[in-house]
Amino acid sequence: GHTDNPEQNPPDCVVSSAANKWCGQYLPVMQHLASHGFVVIASLSTTTSRGDPLPSITGLNWLLEQAEDSKSDYFHRLDTAHIGAFGHSEGGMATCMMAKDPRFKAISTVSGTSKITEIHAPAVFFCGGKETNFDPPMCEGNLSVANTITTQPSMLINAIDADHGSWAYEGSGGVAISGFAAWFRLHLMGDTAQRKRFYGEGCTFCTDRRAKVLYRNDLMTQ
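Residues numbered from 1 in each chain as written. Predicted model: local features only at pLDDT ≥ 70, side-chain atom pairs only at ≥ 80, totals over all residues. Heavy atoms only, no water.

> Explain the nonpolar core here, please?
Taken as a class, soluble globular proteins show a tendency for nonpolar side chains to be buried jointly. In terms of nonpolar packing, the biggest core is built from 30 residues, with W167, F180 and F198 touching the most fellow members. Elements represented by at least two residues in this core include exactly α1 (27-35), β4 (104-110), β5 (123-128), β6 (154-159) and α5 (175-189). With 10 residues, the single largest contributor to this core is α5. Among the nonpolar cores identified, the runner-up in size contains 22 residues, and C96, M138, L156 and Y215 belong to it. (Core = buried A, V, L, I, M, F, W, Y, C linked by side-chain atoms within 4.5 Å. Buried < 20%, exposed > 50% of the residue type's maximum accessible area, 1.4 Å probe, protein only. Helix = DSSP H or I, 4+ residues; strand = E, 2+ residues; numbered from the N terminus.)

> Before we go on, may I ask you to explain the state of the cysteines in this structure?
Two cysteines joined by a covalent bond between their sulfur atoms form a disulfide. For the structure on display, the rule yields three disulfides. The residue that forms a disulfide with C127 is C139, at a sulfur-sulfur distance of 2.1 Å. Measuring handedness by torsion sign, the sulfur bridge of C127 and C139 sits at about 100° and is right-handed. On the criterion of sequence distance, the pair formed by C127 in strand β5 and C139 in helix α4 (residues 138-146) is long-range, its members being 12 residues apart. (Disulfide = S-S within 2.5 Å.)

> Any chance you could explain the packing of α1 against α5 here in plain terms?
The angle between the axes and the distance between the axes are what describe a pair of packed helices. For the pair α1 and α5, the least separation of the axes is 10 Å and the interaxial angle reads 35°. As α1 packs across α5, the resulting crossing turns out to be right-handed. Between α1 and α5, the residues in contact are V29, H32 and L33 and I177, F180, A181 and F184, respectively. Looking at the contact of α1 with α5 residue by residue, the class counts come to six nonpolar, one polar and no charged. (Axes fitted to C-alpha atoms, helices over the stretch in contact; angles between N-to-C directions. Left-handed = near helix turned anticlockwise from the far one by under 90°. Contact = heavy atoms within 4.5 Å. Nonpolar A, V, L, I, M, F, W, Y, C, P; charged D, E, K, R; others polar.)

> Is there a simple way to explain the sheet that holds β5 in this structure?
Whenever strands of a sheet pair, they do so through backbone hydrogen bonds, lying parallel or antiparallel. Taken in spatial order, the five strands line up as β3-β4-β5-β6-β7 in an open sheet, and their pairing is mixed. Edge positions in the sheet fall to β3 (83-88) and β7 (211-216), since each of these pairs with one other strand and no more. The mean inter-strand angle of the sheet, taken between neighbouring strand axes irrespective of direction, is 15°. Where β3 meets β4, six bridges bridge the pair, whose relative direction is parallel. Each residue of the ladder has a partner; that of G84, found in β4, is A106. (Pairing = 2+ DSSP bridges.)

Laid out in structure tokens, this is it:
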């Protein structure tokens, strides 16, 4: 997220509801993904949608180099054929910018998108029903991106009770956190049990009272 960090770094970057400070809130999210067996690397940049290459691409390039370095702990221990990209807010913008990179096999964002010029991977987007301080509204802006994707599966889910940051504190049962973890398990790990959450006429998220599916393209109904 813009001006944010992957985890708290006191005193400059802290989470304090009393002081209305929300910096460094992503560690539980990263730990949740790691608990599923994903190797998670997060940029320390506070402006992840800027740079050439983008900060997250720099991180990915480094990790892939480590996978081929015999002196590295990651040497031949990574599944480099199945890579996902995820971002929140400005990180979501950066994720959409990175979608043109064919190395990504799945992408997901929460409350953040930007124009996608090229995409090679299935994409699921999440927005918050209580995000009222954006113009246009966050879900509306996300919809304008999700519905441009026709060559890959694309889906937009409104987490009805979430605002711009509260989703990060909902734990593994939260709509967004459980959703993008399941999306990555399906498309990166081949966990076909997760498919019913998103695909088909009776998808799980289609009937989840905590969520409202705002968009699915034709490839999602199969």
